[in-house]
Amino acid sequence: AKEHGGDAASFFHASMLEEALDLMQLEIDLHRALENDEFFLVYQPIVSVVDRRITGFEALLRWRHPERGVVGPDAFIALAEHSGLIHLLGRKALDEACRTLAKWRRVDQLFDGLTMHVNLSARQLSQTHIVEQVAEALRDSCLPPHLLKLEVTETMLMENPDYANAVLCRLRDIGVGVCVDDFGTGYSSLSYLQRFPIDTLKVDRSFVSRMTREPGQFKIVQAVIALAHSLGLEVVAEGVEDEEQRIMLLGLACRYAQGFLFAKPLAAEDVPAHVTG
Ligand code: C2E
Ligand code: CA
Ligand code: CA
Ligand code: CA
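The paragraphs below set out a description of the structure included in this document. Just so you know, these numbers come straight off a predicted model, no measurement behind them.

Calculation notes
Residues numbered from 1 in each chain as written. Chains lettered and ligands numbered in written order. Predicted model: local features only at pLDDT ≥ 70, side-chain atom pairs only at ≥ 80, totals over all residues. Heavy atoms only, no water. Near = heavy atom within 4 Å. Polar contact = N/O pair within 3.5 Å; in protein donor to acceptor, adjacent residues only side chain to side chain. Areas by Shrake-Rupley, 256 points an atom, 1.4 Å probe, with all protein chains shown as cover. Helix = DSSP H or I, 4+ residues; strand = E, 2+ residues; numbered from the N terminus. Nonpolar A, V, L, I, M, F, W, Y, C, P; charged D, E, K, R; others polar. Donors = N, O, S within 2.8 Å, 3.2 Å for Na, K, Ca; no water. Buried < 20%, exposed > 50% of the residue type's maximum accessible area, 1.4 Å probe, protein only. Core = buried A, V, L, I, M, F, W, Y, C linked by side-chain atoms within 4.5 Å. Contact = heavy atoms within 4.5 Å. Salt bridge = Lys/Arg side-chain N within 4 Å of Asp/Glu carboxyl O. Arc of directions from axis to C-beta.

1. With respect to the site of ligand 1
Now for step 1: Taken together, 21 residues sit near ligand 1, with Q44, R62, D181, E241 and F260 positioned nearest.
Now for step 2: A distance of 3.2 Å separates an oxygen atom of ligand 1 from a polar side-chain atom of N119.
Now for step 3: Measuring from an oxygen atom of ligand 1, one finds a backbone N or O atom of F260 at 2.8 Å.
Now for step 4: Contact with the protein chains covers 83% of the free accessible surface of ligand 1, which is 800 Å².
Now for step 5: Every element with two or more residues in the shell around ligand 1 is listed here: strand 2 (54-65) and strand 6 (177-183).
Now for step 6: A per-element tally of the shell around ligand 1 places strand 2 first, with four residues.
Now for step 7: Split into classes, the residues belonging to the shell around ligand 1 amount to eight nonpolar, five polar and eight charged.

Right, here's the structure in full:
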């Protein structure tokens, strides 16, 4: 209404200003949150498609916001990237994920061979000390390097392929695995990816969720899995939510999957109860 502040144009500006202020407030909150230790990790199991046994975990960030409750990464990762805070946040996540798997391994031998996937952001990858930070996280936690898998996206690799390749080679040299996340949503081809030292592809949830209804999507997933395997890459299907998808993936010889059908992301203390012999 008129008395509440005029025409559409000024309303538009007011709402943009509000949005900008919201973002600034969020950025202030992020700094405080890091100081107050409000960030924590949850762990989503990655399982074998054949028998549903857990083969590893993906560490996912959460923020216990004092007023808003638990906030997911979609609400803060982009801003943390933009403000540069991701360097500290990402490093904390890396350290904690390594320490947590190392701790589980010390108390229960059922964790033997289980891996920990940690997401890297674009800015973390482009930062010069990333390899040293990974090496340090492994050294401090005493986690065997081959149990750590770093997840990067195609887009991150394609932005500066020569640089990315050099970093991934150094990571491979220290024994860490590299996984291409959200595969299929970027603009790279499998033949290009073969030039990077990677060992796992994660097929994006968007393909997996449409695969049972759309024959075209099924064929894409089929082709990606077959080609990945022929290049010696492992495949994890993301976002598996129902048994029909699992059966279909089984038929495509996809070995690993992750999704609500098997388990939601779990609090660290709830993980050991899910790992059974
Ligand atoms: P992502 O790496 O693709 O992680 C998978 C996301 O899919 C997670 O969302 C997970 O909870 C969700 N998910 C898993 N299974 C299912 C399913 O069956 N159905 C549906 N609908 N969703 C499923 P989350 O935890 O909200 O994370 C969102 C994104 O935030 C992640 O996507 C990742 O890109 C980013 N992220 C999370 N933690 C970190 C981190 O430590 N560092 C960085 N740089 N990014 C992170
Ligand atoms: Ca991921
Ligand atoms: Ca993903
Ligand atoms: Ca995804």
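Now that the structure is up, let's keep going.
2. A few points about the coordination of the calcium ion (ligand 3)
Reference values for coordination geometry: four tetrahedral donors around a metal ideally subtend 109.5 degrees, six octahedral donors ideally subtend 90 or 180 degrees.
Now for step 1: Donor atoms from the polypeptide that bind the calcium ion (ligand 3) are D181 (OD), D182 (OD), E238 (OE) and E238 (OE), placed at 1.7 to 3.0 Å.
Now for step 2: Site description for the calcium ion (ligand 3): donor spacing in sequence, D-D-x55-E.
Now for step 3: Between the calcium ion (ligand 3) and the calcium ion (ligand 2), a spacing of 3.7 Å is present, and a bridge between the two is formed by D181. With D182 in strand 6 and E238 in the loop between strand 8 (234-237) and helix 11 (243-251), the pair connects residues that are 56 residues apart, well separated along the chain.
Now for step 4: For D182, a relative accessible area of 24% puts it in the partly exposed group.
Now for step 5: For E238, a relative accessible area of 11% puts it in the buried group.

3. A look at the nonpolar core
Now for step 1: Formed by 79 residues in total, the largest nonpolar core has its most connected members in F57, L148 and L201.
Now for step 2: Considering every element that reaches this core, the biggest residue donor is helix 3 (residues 86-107), with nine residues.
Now for step 3: Once residues within four sequence positions are removed from consideration, F57 is found in contact with Y43, Q44, P45, I46, W104, F111, L114, T115, M116, H117, V271 and V275.

4. Re the pattern of salt bridges
Now for step 1: Per the counting criterion, the structure on display carries 12 salt bridges.
Now for step 2: Two residues, R32 and D29, come together in a salt bridge whose shortest N-O distance is 3.5 Å. Of this pair, R32 and D29 both sit in helix 1 (residues 8-35), separated by three residues, roughly a single helical turn.

5. Some words on the coordination of the calcium ion (ligand 2)
Now for step 1: At 2.1 to 2.3 Å from the calcium ion (ligand 2) lie its protein donor atoms, namely E58 (OE), N119 (OD1), E151 (OE) and D181 (OD).
Now for step 2: Written as a sequence motif, the donor arrangement for the calcium ion (ligand 2) is E-x60-N-x31-E-x29-D.
Now for step 3: Residue classification places E58 among the buried positions, given a relative accessible area of 6%.
Now for step 4: Under the relative-accessibility criterion, E151 is labelled buried at 1%.

6. Let's talk about helix 11
Now for step 1: Among the residues of helix 11, those classed as buried are Q245, R246 and L249. Buried residues of helix 11, seen end-on, are gathered within an arc of 100° and therefore sit on one face of the element.
Now for step 2: For helix 11, the secondary structure elements touched by its buried residues are helix 9 (205-211), helix 10 (215-230) and strand 8.
Now for step 3: Measuring from the backbone nitrogen of E244 back to the side-chain oxygen at the start of helix 11 gives 3.3 Å, which picks out D242 as the cap.
Now for step 4: Phi for A253, located one or two positions after helix 11, is positive at around 65°.

Without other data, these values stay purely geometric and don't point to any function.
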